[in-house]
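# Overview (structure and organization)
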Amino acid sequence: MRDKLKLIQEAMDKAVDRKEIAGVNLLVNRHGEEIFYAQSGYADIDAGKKMDRDTICHLYSQSKPITAAAAMLLMQDGIIDLNEPVENFFDSFKEQEYLERGEKKKTTWDKRVRIFDLLNMTSGLVYPGENTESEKATAILFEDAIERLGSDNQMTTLEFADKIGKIPLQFMPGSSFQYGTSADVLGAVIEKVTGMKFGDFLKERLFDPLGMKDTAFFVPEDKKDRLSKVYEKNSDGNLSVFTGDHLIIRNDAGPNAFESGGAGLFSTLDDYMKFAQMLLAGGTYNGKEYMTKDTVRFFTSGALSKTQQKALDNWQGLEGHTYGNLMRVMTSPEQALILGHKGEYGWDGWLGAYFMNDPEADTTILMMTQMRDYGTGHLTRRLRNIVLS
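Note that the structure is a prediction, hence the values are computed from the model and not measured.

Turning to the sheet that holds strand β12 (residues 321–324), a few remarks are in order. The sheet built from eight strands is open, its strands ordered β3-β2-β1-β16-β15-β14-β13-β12 with antiparallel pairing. Looking along the sheet, the strands with just one partner apiece sit at the ends: β3 (49–50) and β12. Docked against the sheet, helix α1 (residues 4–17) engages β1 (23–30) and β2 (33–44), running at close to 15° with respect to β2. Across the sheet, helix α11 (residues 378–388) is in contact with β1, β2, β13 (327–330), β15 (354–358) and β16 (363–368); its angle to β16 comes to roughly 150°.

So, in structure tokens, the structure goes:
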């Protein structure tokens, strides 16, 4: 009989040996019980510090499912309406412009950015780039915010949303899909609605009740020794420490006034597993209900329209998937590049943090690595295939 744990360890060790990554760990639960844990490599190569079970990592975009879950909590309590326009919270979203073949046009009253668009990345908000006026203006905003990191004048979550609303949208809201800053604006909407800092809301409603003691928008000094370094591959094929502040997230994990719903959280495998298991159990964890089953069903079965899906279909690696509520959802396993089942959902992060819940297999897979531009990498798919085969 195949020894899956041995295969997982061998795949990890090979990836570390060939410097695909510096360090990695993996945690798998099935039917609510842990079935695999494995680790390989280093969280800090120079210090000889191994990638361990309690290593704290930048989640980057794996923050997004938590942000969407926060919106679901407010939706089920009748505090937000997904059809509500963002302009109700930020004046800068009133009378917005969008780009059509390079020309700016005014959005109409029935095509305003809604909370629903923020959850589905159909808002027209983008990440920094060089291809369009929207991407270039967003890049300037990010550069300003990054320059202010660590100062006494850091850009706040609310200021970010107010400023990005003034930038022309990439397309008419709802007409297409583009991965961008929607989750960051959603975090700001949650601040406006609750009157709380976004991080405080998450702490009160999710992190403290679930026992996610190492999950936050910064890492306190007494935990910094558990924070993984971030690595990148040099032209000579060796690894070096990456020290840049990407997407307005402090590499040093210091306090940040910008609590990025799209990329700002730090966490561990065991912490994130509590969140994942709560969802997989239909909204209940350790006997406490966080979301109703109907809310979880809605949250985890999002989908783009046929028109919006055309844009996602260009995303290499997400074949067989749709997108909704800040997560990918597998719709056509036969088209996917990985073993899996219809209805599985999750997301990853820029540095390789990875989350997957498979309701049919009643399985959660979590992986952490801290490698620049890794996302869902070759090792991620190899490990998934071992677990789900």
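Here we take up the packing of helix α2 (residues 64–76) against helix α6 (residues 182–194). Two elements in contact, α2 and α6, have axes whose closest approach is 10 Å; the angle formed by their N-to-C orientations is 35°. With respect to the hand of their crossing, α2 and α6 are arranged in left-handed fashion. Contacts from K64, T67, A70, A71 and L74 of α2 reach α6 at A183, L186, G187, I190 and T194. Of the residues contributing to the contact of α2 with α6, the split by class is six nonpolar, three polar and one charged.

A word on the pattern of salt bridges. Inspection of every chain in the model, using the stated rule, returns 26 salt bridges. Measuring nitrogen to oxygen at the nearest pair gives 3.2 Å for the salt bridge that ties R205 to D77. Remark: D77 occurs in the loop between α2 and β5 (97–100) and R205 occurs in helix α7 (residues 198–210); sequence separation between them is 128 residues. Judged by its relative accessible area of 42%, D77 is partly exposed. In this structure, the salt-bridge partner of K223 is D214, at a minimum N-O distance of 2.8 Å. As far as burial versus exposure is concerned, K223 and D214 are alike and both buried. What emerges from the salt-bridge pattern is a single network uniting D144, R148, E159 and K163.

Here L149 is to be found in the loop between α4 (133–147) and α5 (157–164). Look at L149 and you get buried, because its relative accessible area is 15%. Residues L149 and I249, spaced 100 residues apart in sequence, show a C-alpha to C-alpha distance of 8.4 Å. Leave out the neighbours within four places in its chain, and L149 touches Q154, D245, I248, I249, R250 and N256.

For the rest of this paragraph, the subject is α4. Spanning 15 residues, α4 covers 21 Å between terminal C-alpha atoms, matching the ideal 21 Å at 1.5 Å per step. The set of residues buried in α4 consists of S134, E135, T138, A139, L141, F142 and A145. Projection of α4 onto a plane perpendicular to its axis shows the buried side chains occupying an angular sector of 165°, all on one side. Of the residues in α4, the exposed ones pointing more than 90 degrees away from the buried face are I140 and E147. Those residues of α4 that are buried are in contact with β5 and α5.

A few words on the nonpolar core. Membership of the largest hydrophobic core comes to 96 residues, with the highest contact counts inside it found for I66, L119, L202, L206, F275 and Y323. I66 has contacts with L202, L206, F207, M212, L265, Y272 and F275, leaving out every residue within four places of it along the chain. Core analysis: the second largest hydrophobic core is formed by 24 residues, M12, A15, F36 and L383 among them.

In this section: the side chain of N25. Mapped onto the elements, N25 comes out in strand β1. Exposure remark for N25: the relative accessible area of 0% places this residue in the buried category. Within the structure, the side chain of N25 is placed 2.8 Å from the backbone oxygen of D52, a separation counted as a polar contact.

In this section: the packing of aromatic side chains. In this description, an aromatic ring pair is defined by two values, namely the gap between the centres and the angle between the planes. Taken as a whole, this structure holds 17 aromatic pairs when the rule is applied. Between Y179 and W315 the ring centres are 5.3 Å apart and the planes differ by 70°, which places this aromatic pair in the edge-to-face class. Separated by 136 residues along the polypeptide, Y179 in the loop between α5 and α6 and W315 in the loop between α10 (306–312) and β12 bring together distant segments of the chain. Summarising the aromatic geometry, the rings of W315 and W347 are spaced 5.6 Å apart at their centres and angled 80° between planes, so their arrangement reads as edge-to-face. Placement of the pair is W315 in the loop between α10 and β12 and W347 in strand β14 (residues 345–348), with a sequence separation of 32 residues. W347 sits in the buried class, given a relative accessible area of 3%. Put simply, the rings of Y127, F142, F160, F177, Y179, F258, W315, Y323 and W347 touch in pairs and so form one group of aromatic residues. Sitting over the face of the ring of Y37, R53 holds its NZ or CZ atom 4.9 Å from the ring centroid.

How each quantity is defined
- Residues numbered from 1 in each chain as written.
- Predicted model: local features only at pLDDT ≥ 70, side-chain atom pairs only at ≥ 80, totals over all residues.
- Heavy atoms only, no water.
- Pairing = 2+ DSSP bridges.
- Helix = DSSP H or I, 4+ residues; strand = E, 2+ residues; numbered from the N terminus.
- Contact = heavy atoms within 4.5 Å.
- Axes fitted to C-alpha atoms, helices over the stretch in contact; angles between N-to-C directions.
- Left-handed = near helix turned anticlockwise from the far one by under 90°.
- Nonpolar A, V, L, I, M, F, W, Y, C, P; charged D, E, K, R; others polar.
- Salt bridge = Lys/Arg side-chain N within 4 Å of Asp/Glu carboxyl O.
- Buried < 20%, exposed > 50% of the residue type's maximum accessible area, 1.4 Å probe, protein only.
- Expected span 1.5 Å × (residues − 1).
- Arc of directions from axis to C-beta.
- Core = buried A, V, L, I, M, F, W, Y, C linked by side-chain atoms within 4.5 Å.
- Polar contact = N/O pair within 3.5 Å; in protein donor to acceptor, adjacent residues only side chain to side chain.
- Phe/Tyr/Trp six-rings, centres within 6.5 Å; stacked < 30°, edge-to-face > 60°.
- Lys NZ or Arg CZ within 6 Å of the ring centre and 35° of its normal.

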